[in-house]
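Chain residues, written in single-letter form:
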Amino acid sequence: MKILTTVKNVVDVELNIHLENGAIVEKGLQYVINAWDESAVETAVRLKENISAETTLVSIGSGEDNTKMIRRGFAMGIESGIQIDDPALAETDSSIYAKVLQKVYEKGSYDLVITGKQAQDTDNGQTGIILAEYLGLPCVSNVIAIEVIDEQHIKVSRLGDAGTEIVELVLPAVVTVDVSINEPRLPQMRSIMMAKKKPIDLMDLAALGITHDEVGGAALKSEIIEYTAPEKREGGQKFEGDAAEITARVVNLLATEAKVF
Amino acid sequence: MAKVLVIADTKQGVLKNSAAELLSKAKSMGAETAVVVMGCGIETLVPSLAAAGSDTQYIADDPGLEFFSAGPYASCVVDAARQFGADFIWFGFSESGKAVAPRVAAQLDAACATDITDVICEGDKIEVIRPAITNKVIQRVKINAGQLVAVVRAGAFEAVEGVSGTENVVTLSSPAPDLKAVVKEIVSEAGGEIDLADAGVVISVGRGVKDQTGIDLVKELANDLEAGLGASRAMVDGGFMPHYKQVGQTGKIVAPTLYMAIGISGAIQHLAGMKGSKVILAVNKDPEAPIFNVADYGIVGDLFEVVPILREEIKKIRA
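These numbers were taken from a predicted model, which means no experiment stands behind them. (Residues numbered from 1 in each chain as written. Chains lettered and ligands numbered in written order. Predicted model: local features only at pLDDT ≥ 70, side-chain atom pairs only at ≥ 80, totals over all residues.)

1. What to know about the sheet that holds strand β16 (residues 258–262) of chain B
Inclusion rule: Strands pair, by our definition, only if DSSP identifies at least two bridges between them. Labels follow the DSSP assignment, with helices taken as runs of H or I lasting at least four residues and strands as runs of E lasting at least two, numbered in each case from the N terminus. The angle between two axes is taken between their N-to-C directions and runs from 0 to 180 degrees, where each axis is a line fitted to C-alpha atoms and a helix contributes only its stretch in contact. By definition, residues are in contact whenever their C-beta atoms, placed on the basis of the backbone, come within 7 Å of each other.
A sheet is described by the order of its strands in space; here 6 strands give the open sequence β15(A)-β18(B)-β17(B)-β16(B)-β14(B)-β15(B), paired in parallel fashion. Looking at strand neighbours, the two that pair on one side only are β15 (237–240) of chain A together with β15 (228–231) of chain B, the edges of this open sheet. The sheet shows a mean angle of 15 degrees between the axes of neighbouring strands, taken without regard to direction. Along the sheet, helix α6 (residues 243–256) of chain A contacts β15 of chain A together with β17 (279–284) and β18 (297–300) of chain B; its crossing angle with β18 of chain B, the most-contacted strand, is approximately 170 degrees.

2. Here's the deal with the sheet that holds strand β8 (residues 118–122) of chain B
Spatially, the 4 strands line up as an open sheet ordered β14(A)-β10(B)-β9(B)-β8(B), and their pairing is antiparallel. In the strand order of this sheet, the two ends are held by β14 (222–228) of chain A together with β8 of chain B, each with one partner. Averaged over all neighbouring strand pairs, the angle between strand axes comes to 25 degrees, with direction disregarded. Direction of pairing for β8 of chain B relative to strand β9 (residues 125–132) of chain B: antiparallel, over a ladder of 5 bridges. Looking at β9 of chain B, one finds that Val 119 of chain B is bridged to Val 128 of chain B.

3. A closer look at the packing of helix α4 (residues 127–135) of chain A against helix α4 (residues 95–108) of chain B
As a reminder of what qualifies: Geometric relationships in this document are graded by angle, where less than 35 degrees denotes roughly parallel, more than 145 denotes roughly antiparallel, 65 to 115 denotes roughly perpendicular, and other angles denote oblique. Crossing handedness: left-handed means the near helix sits turned counterclockwise from the far one by under a right angle, and right-handed means the same turn made clockwise.
Where α4 of chain A contacts α4 of chain B, the two axes come as close as 8 Å, and the packing angle between them is 45 degrees. With respect to each other, α4 of chain A and α4 of chain B are oriented oblique. Here α4 of chain A and α4 of chain B pass one another in a crossing that is right-handed. Every residue of α4 of chain B that contacts α4 of chain A at Ile 129, Ile 130, Glu 133 and Tyr 134 of chain A is listed here: Ala 99, Pro 102, Arg 103, Ala 106 and Gln 107 of chain B.

4. What to know about helix α1 (residues 17–28) of chain B
Residues and elements named next belong to chain B. In plain terms, the rule: By this rule, a helix spans an expected 1.5 Å times one less than how many residues it contains. Burial in this document is a count-based property: other C-beta atoms within 10 Å of a residue's C-beta are tallied, and the residue is buried at 20 or more, exposed at 12 or fewer, or partly exposed in between, with C-beta positions derived from the backbone.
Its 12 residues place the ends of α1 17 Å apart at the C-alpha level, agreeing with the 16 Å of an ideal helix rising 1.5 Å per residue. Every buried residue belonging to α1 is among Ser 18, Ala 19, Ala 20, Glu 21, Leu 22, Leu 23, Ser 24, Lys 25, Ala 26 and Lys 27, and all of these are buried. Looking at the buried side of α1, the elements it contacts are β1 (3–8), β3 (14–15), β4 (32–39), α2 (46–51), β6 (88–91) and β11 (148–152). Once α1 finishes, Gly 30 follows within two positions and takes phi at roughly 75 degrees, a positive value.

5. A short note on the interface of chain A and chain B
In many reports, interface size means the accessible area that the parts give up when they come together. Opposite the 69 residues of chain A that make contact, chain B presents 70 residues. At the level of secondary structure, the elements contributing two or more residues to the side of chain A that touches chain B comprise α4, β9 (139–150), β11 (164–170), β14, β15 and α6 of chain A. Top element by residues in the side of chain A that touches chain B is α6 of chain A. It accounts for 11 residues. Taken together, the 6 bridges between β11 of chain A and strand β13 (residues 181–187) of chain B define a ladder with antiparallel strand orientation. Bridged to Ile 166 of chain A within β13 of chain B is Glu 185 of chain B.

6. Focus on the domain arrangement of chain B
Residues and elements named next belong to chain B. For the record, the criterion: Where each domain begins and ends follows an automated or database-derived domain assignment. Any residue outside Ala, Val, Leu, Ile, Met, Phe, Trp, Tyr, Cys, Pro, Asp, Glu, Lys and Arg is labelled polar, Gly included; the first ten of those are nonpolar and the last four are charged.
By domain assignment, chain B separates into domain 1 (3–171) and domain 2 (201–318). The centre of domain 1, based on its C-alpha atoms, is set 31 Å off from the matching centre of domain 2. Looking at the side of domain 1 that touches domain 2 residue by residue, the class counts come to 2 nonpolar, 3 polar and 1 charged.

7. Notes on the environment of Glu 226 of chain A
Relative to the elements of secondary structure, Glu 226 of chain A occurs in strand β14. Taking the C-alpha atoms as reference, Glu 226 of chain A lies 42 Å from Val 170 of chain A; in sequence the two are 56 residues apart. Beyond its immediate sequence surroundings of up to four residues, Glu 226 of chain A is in contact with Gly 22 of chain A together with Arg 140 of chain B.

8. A closer look at the pairing of β18 of chain B
Here is the key point about a regular strand: its side chains alternate between the two faces of the sheet. Of the two faces of β18 of chain B, the one lined by Tyr 297 and Ile 299 of chain B and the one lined by Gly 298 and Val 300 of chain B are each fully buried. In terms of strand pairing, β15 of chain A meets β18 of chain B through 4 bridges, oriented parallel. Bridged to Lys 238 of chain A within β18 of chain B is Gly 298 of chain B. As paired elements, β17 of chain B and β18 of chain B share 4 bridges and run parallel to each other. For Asn 284 of chain B, the partnering residue across the bridge sits in β18 of chain B and is Val 300 of chain B.

Below is the structure:
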């Protein structure tokens, strides 16, 4: 079984984000592997450990941080890595990411694509699903468990509105995973050292047969034009002291001031 | 006039609040409205869908649609969108909506925006507002495509009294089942529980409740108030609460009238899932807990002491 997993380098959400003139200030930002993608990588590696599978990771991005993230995937157990780096991809939307990934998929004939269900920078949650549509493959999103039935079938659990949906998929297929699917491993020092030596297959859009017109400007279905700070929610009244007394006071305020009862 | 198609979510044959909220917003924009509803035995919903503000009701009533399956659901929405000539296709904030919206957008070659909290329409200009980066920033996004498929965040729009529509039913043809993604069963742990997304009051438990005894204590309060019971990630990871009850960026995002955080310290991840609530009450024994920075009312104290008093006092005041 050939597994393709996608990873995105995203801003560290634990750090503060500063804005200036409607844009995010780059200085001071740190980049990390998207948490959902880290779970996707872990899912792929665990499948590889249980069945015979080849694992490949693909990342769209540039720079040192992006390379480091790919190596982290290697250290976790992924065998090959592809990096799509092209200045024309500086501004993208989910459908463009999906279009690029579609070409990567078509070059490799994979049986299973595993992506994170969303990226923690955009919180869009679209790319994996749109990719499946472009490829005409079956897809289940928000997956919390995967079981391989045989070479052609997998069974997945998806967190849905009515409960956990158990879905049987015919391969090739695309799944997008939730972080709750697993606890990603911390790579061992030895694996980290070995990962440094692994080659990364670097490609630009031309290598994928995509022209710049297909990804930039008019091809963008949507574009972010401004960032603003969210309305800050202020803390209100905090009460300390005798439990019976302060609780009664708060309930009274909930009824008279907040009018929720 | 813009044309807005709203996807009506249902639960066990009952209409969820999102349809009325989205239709109210569409009407306030002066749009022509339609609704699409999918399921089995749902034709009875037509009068309430019209009353909620839809002028046309696209109905896909088929035994094959009883259980959610993203492929056939997307086919129905695409069919309705084409027949109606929709400019906007709006989904409520449900797992089905999040799964189907990108498919519909891809099939229609439309723009897709998830998690939106507002839509701005001025002449030809269409923009949406949405939070990103775990609620740390708000994006203003310009829509370039002619059609916009959007998933609207819980609590973004309010259902307005006095909105109404007309009954005009269009029956959709049954979609082909997805033979490559077959739903085998739905394991419902939730049963008759109150859905977090629809609950007027949500009470969540965190590490402070310690174990099942603590959960049971809070559950009694939740039962009194007919509230949805949620949890922090710590409680889910610890195996005390099921995944579908997790409130937070990686779980459910809720915006009830009243949110009670019991024994929850208030990690960024959790705050991102409940900050949109109208009123927040926090109970925590640590006066420095970050939850107090967003709570309208904070009780510093031992929850095992406070929660029973809370129950009694609420009972008294509601009597």
